[in-house]
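Close look at the chain arrangement
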Amino acid sequence: MKNLNKILFAVSGVLLLGGGAVLAYMQERPQQEFSDLTLANIEALVVEKEIPSVRVPCCPAYWFNYCLFEMVMGDGTVANGKMEGAINC
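Throughout what follows, the structure given in this document is the object of discussion. (Residues numbered from 1 in each chain as written. Predicted model: local features only at pLDDT ≥ 70, side-chain atom pairs only at ≥ 80, totals over all residues. Heavy atoms only, no water.)

**Here we look at the overall build of the protein**
Along the backbone of the protein there are two helices and two strands. The N-to-C order of helical and strand elements in the protein reads α-α-β-β. The burial tally for the protein puts 6% of its 89 residues in the buried class. Here the analysis covers contacts within the protein between residues at least 6 apart in sequence; of these, 22% occur between residues at least 24 apart. As displayed, the protein offers around 8,800 Å² of accessible surface, 62% of which is attributable to carbon and sulfur atoms. (Helix = DSSP H or I, 4+ residues; strand = E, 2+ residues; numbered from the N terminus. Buried < 20%, exposed > 50% of the residue type's maximum accessible area, 1.4 Å probe, protein only. Contact = heavy atoms within 4.5 Å. Areas by Shrake-Rupley, 256 points an atom, 1.4 Å probe, with all protein chains shown as cover.)

Below, the structure is given as structure tokens:
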């Protein structure tokens, strides 16, 4: 039993030293620097833009839970839209 305790103590020490070495390496390695263009792209993705929305009056029948409607796209074309979830009328 004493030998098992010594082995467990030695293995624990090796794991602790190895973990400390990995932690020290991860903290000291050089960090990647991003270009101004990359940072601007990341900022543009994060910034919330207010998207105009339009309420579509919709009174779906009781056997389905969605509404079909036409919407005008930014380029002027008309597309069909489908809105999930019933709106109370």
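Text resumes after the structure shown.
**Some thoughts on a nonpolar patch on the surface**
A cluster of nonpolar side chains, F34, L39, I42, L45 and V46, forms an exposed patch at the surface whose accessible area comes to about 530 Å². Tracing the sequence through the fold places F34 in the loop between α1 (2-28) and α2 (36-46). (Patch = residues over 30% accessible without salt bridge, like charges linked within 9 Å, V, L, I, M, F, W, Y side chains within 5 Å. Salt bridge = Lys/Arg side-chain N within 4 Å of Asp/Glu carboxyl O.)

**Points about α1**
In this model α1 runs 39 Å from its N-terminal to its C-terminal C-alpha over 27 residues, within 8% of the 39 Å that 1.5 Å per residue would give. Within α1, only zero of the 27 residues are buried, leaving the element largely exposed. (Expected span 1.5 Å × (residues − 1).)

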